[in-house]
Amino acid sequence: MKAHRFLLCMQMGGLSDTMFSVEKSIVDPKEKTMVLRTQNLSWNNIIAVEEFMEYLPHPEDPAKTLLKQHAQISVNLRPLGGILEGFIADTMGTKAVEGRKAIDFVCEMLLSEKKSSSV
């Protein structure tokens, strides 16, 4: 199953209050995998960010999910390119940790609901 989404992000401050990106996802229920590729559309001639995420069954514990994630960041703004790339990478790293915590929370809630409904 494949999907393409056009994403709109409303934010306060920064270069623009409205940012656009595109996300492509592929879900393979048979293999139990999901691959996401997200790329910014706004300001991509100055700052291009492409993020890849892959969810797949853990090779040693099928009850767990393995997440592989990386991003490519390019800043076409001399001489600040390296500084901005580092800042963006640090921010994305922090957001990734928050995202994983949110997914863990949702999974725990779903498991507790499942346990309480089976009692």
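See above for the structure.
This one's a predicted model, so the numbers in the text were calculated from it and none came from an experiment.

A. Region of the structure containing the overall build of the chain. Scanning the chain from N- to C-terminus turns up one helix and five strands. With the C-alpha coordinates of the chain rotated into their principal frame, the extents come out at 60 × 30 × 25 Å. Of all intrachain contacts in the chain linking residues separated by at least 6 positions in sequence, the fraction that spans at least 24 positions is 23%. Total accessible area on the chain is roughly 9200 Å²; 62% of this is exposed by carbon and sulfur atoms. Mean positive and mean negative side-chain charge positions of the chain (14 and 15 charges, respectively) differ by 4 Å.

B. Expanded view of helix α1 (residues 81–117). Its 37 residues give α1 an end-to-end C-alpha distance of 53 Å, which sits within 8% of 54 Å, the value for a rise of 1.5 Å per residue. Those residues of α1 that sit buried are Gly 81, Ile 88 and Ala 96. Elements in contact with the buried residues of α1: β4 (47–57) and β5 (65–75).

C. Spatial organisation of the pairing of β4. Relative to β4, strand β3 (residues 33–40) is paired through six bridges, and the arrangement is antiparallel. Along β4, the bridge assignment pairs Leu 36 with Met 53. Strand direction decides the pairing type here: β4 and β5, joined by eleven bridges, are antiparallel. Paired with Ala 48 across the bridge in β5 is Ser 74.

About the thresholds
- Residues numbered from 1 in each chain as written.
- Predicted model: local features only at pLDDT ≥ 70, side-chain atom pairs only at ≥ 80, totals over all residues.
- Heavy atoms only, no water.
- Helix = DSSP H or I, 4+ residues; strand = E, 2+ residues; numbered from the N terminus.
- Contact = heavy atoms within 4.5 Å.
- Areas by Shrake-Rupley, 256 points an atom, 1.4 Å probe, with all protein chains shown as cover.
- Lys, Arg positive; Asp, Glu negative; His and termini not counted.
- Charge placed at Lys NZ, Arg CZ, Asp CG, Glu CD.
- Expected span 1.5 Å × (residues − 1).
- Buried < 20%, exposed > 50% of the residue type's maximum accessible area, 1.4 Å probe, protein only.
- Pairing = 2+ DSSP bridges.

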